[in-house]
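Spelled out, the chains give:
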Amino acid sequence: MLEKKISRRNMLRTTGLAVLGSTFAGLASCAPKKKEEPSPEASSSKRPFRVCLNVSTIAGYKLPVQKQIDLCAEAGFEGIELWTRDVDAFVKQGGTYETLRRQLEGSGLLLENMIGFASWFADDPSKRKEGLNQMRHDMEMVAGLGGKFIAAPAQGVTQLDRTRLPEYSERYRAILDLGDEMGVTPILELWGAGVLNQLSDTMAIAIASGHSRASVLLDFYHLYRGGNSFDSLRLINGKILPVFHINDYPELPPRTELRDSDRVFPGDGICPFNKVLPLLYDSGFRGGLSVELFNKGYWETMDVKEVLRKSFEKTTQRILRTAEIVGAGGRALGGTARTHAL
C-alpha cells in the first residue's frame, strides 16, 4: 500500500505541463491563448508554493491521525498541519510521537505546523499560567513529531486594548522564549472574528516582541473577515512566513456575518487570488499554502477522498495561475525548498 502511495506522489512531482518551462518567462511564452485550468499534476519543482493540508478540512469525518496522514499523502499533498488534540488521542491509546514521526517521513509529508489552542494570551494570570504549561506540552509534541512550528491564536481576552500592545508583546515573547528550549516557533495567528483580527495589531505585537523568530500565521478568509486590505501584504516579509492558510469565501452572507463553515474551495468564491497570490510571491513567501476549511456541506455530500482531491486540485490551479501571472512579468521561478525559511 505504501509503495502505491509513494509512486503516486512521485508521479505528481515528476509529471510536467507543456506550458511550464524552466523559467516563468518560458512558461508565459508557450501558454495557450485560450485560458484553461492547468493540470494539478504539474511538477512540484515548478510551483512557487508547497501544496499542503490543514486537517480541519476533513475534521467532519472524525478520522484518527494515522488515517489523516495516509489520505493526505495519497492525495498528493506535500505538507500537513495536524491538530494537537488528534495526536493526544493517539498517544492516549498507546501510540507514540516516534511512530507518527516515522509515518510522516515515510509518506514524504512535511509537518508544516501544528494547530493548538493554549490560553497563553489570557488576561487572567492563572489561565495564562495554564496556557504556558499547555504550550510547553504542545511544543514538546511538535518537536517529537519532527516539526518546527505551532499556531498561537490569541485567546482569553474579550477585547483588544491597543494601549496594552507592549504587554501583549511580552506575552508573545514568553512563548517564543519557551519555544527556543525545544526548537519550536509559535506563530502568532490572526483570526477574522477574534480579538486579534487586524493585520496591523498582529504585526505590531510580533515586531515589539523583539524576538528573532517572531512570525505570524495569516489566512485569506481571516484577513477578509477582519476587514483587512490585501494590499497590506506588500508590507509583509514573506520570507519569514512558514505557512499561509488558503481558502475562499462567498459573496453572501456579508463579510461581517461570515462563519468558519462558510469557507469554500479556493477558486469557488470571490477571493481575488490573481492579485493576492502574486503579492504574496513578491513579498518573498515560498512556504506552504495550506488548505483550511470547515465546510459541513462538503462533509455531508462528499466522501473524504473527493474533498481531498478537490482541495489539492483547486489549490494547485491557483498556484499555477500565479506562476503564469508572475511569469508574464518577466520574473524567474525557482523551485521551492523542502525546508522552512526560519
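Residues numbered from 1 in each chain as written. Predicted model: local features only at pLDDT ≥ 70, side-chain atom pairs only at ≥ 80, totals over all residues. Heavy atoms only, no water.

J.: Explain the packing of helix H6 (residues 125-144) against helix H7 (residues 165-180) to me, please; I cannot follow it from the model alone.
T.: Axis angle and axis distance: for two packed helices, these are the angle between their axes and the distance between the axes, and together they describe the pair. The contact between H6 and H7 brings their axes to 10 Å, and the two run at 30°. Judged by the inter-axis angle, H6 sits roughly parallel to H7. Crossing hand, H6 versus H7: right-handed. Of the residues in H7, those touching H6 at Arg 128, Leu 132, Met 135, Arg 136 and Met 139 are Arg 171, Ile 175, Leu 178 and Gly 179. Among the residues forming the contact of H6 with H7, the class breakdown is five nonpolar, one polar and three charged. (Axes fitted to C-alpha atoms, helices over the stretch in contact; angles between N-to-C directions. Helix = DSSP H or I, 4+ residues; strand = E, 2+ residues; numbered from the N terminus. Parallel < 35°, antiparallel > 145°, perpendicular 65-115°, else oblique. Left-handed = near helix turned anticlockwise from the far one by under 90°. Contact = heavy atoms within 4.5 Å. Nonpolar A, V, L, I, M, F, W, Y, C, P; charged D, E, K, R; others polar.)

J.: What exactly am I supposed to notice about unusual backbone geometry here?
T.: When glycine is set aside, most residues are seen to have a negative phi, and most peptide bonds are trans. In this chain, Leu 252 is followed by Pro 253 through a cis amide linkage whose omega measures 5°. Backbone geometry places Lys 62, a non-glycine residue, at a positive phi of 50°. Position of Lys 62 relative to the elements: it lies in the loop between strand E1 (50-54) and helix H3 (65-74).

J.: Can you walk me through the environment of Leu 196 in this structure?
T.: Considering the arrangement of structural elements, one finds Leu 196 in the loop between strand E5 (185-189) and helix H8 (199-208). Once the C-alpha coordinates of Leu 196 and Gln 159 are considered, the two residues, 37 residues apart in sequence, prove to be 8.7 Å apart. The residues touching Leu 196, leaving out its near neighbours within four places in the chain, are Ala 154, Leu 160, Leu 188, Glu 189, Leu 190, Trp 191, Asp 201, Thr 202 and Ile 205.

J.: When you look at the environment of Arg 309 in this model, what are you seeing that I'm missing?
T.: The topology assignment puts Arg 309 in helix H12 (residues 304-328). Distance from Arg 309 to Cys 72, taken between C-alpha atoms, is 9.4 Å for residues 237 residues apart in sequence.

J.: Can you help me understand the packing of aromatic side chains in this one?
T.: Each pair of aromatic rings is reported with the distance of its centres and the angle of its planes. Across all of its chains, the model carries 15 aromatic pairs by this definition. Centre to centre, the rings of Trp 120 and Phe 121 are 5.2 Å apart; their planes meet at 75°, and the pair counts as edge-to-face. Centre to centre, the rings of Phe 220 and Phe 230 are 6.2 Å apart; their planes meet at 65°, and the pair counts as edge-to-face. Pair noted here: Phe 220 is in helix H9 (residues 220-225) and Phe 230 is in the loop between H9 and strand E7 (243-246), with a separation of ten residues, a long-range link. Summarising the burial analysis for this pair, Phe 220 and Phe 230 share the class buried. Among the aromatic side chains, those forming a connected cluster through ring pairs are Phe 49, Phe 220, Phe 230, Phe 244, Phe 273, Tyr 281 and Phe 285. Positioned over the ring face of Phe 121 is Arg 171, at 5.8 Å from the centre of the ring. (Phe/Tyr/Trp six-rings, centres within 6.5 Å; stacked < 30°, edge-to-face > 60°. Buried < 20%, exposed > 50% of the residue type's maximum accessible area, 1.4 Å probe, protein only. Lys NZ or Arg CZ within 6 Å of the ring centre and 35° of its normal.)

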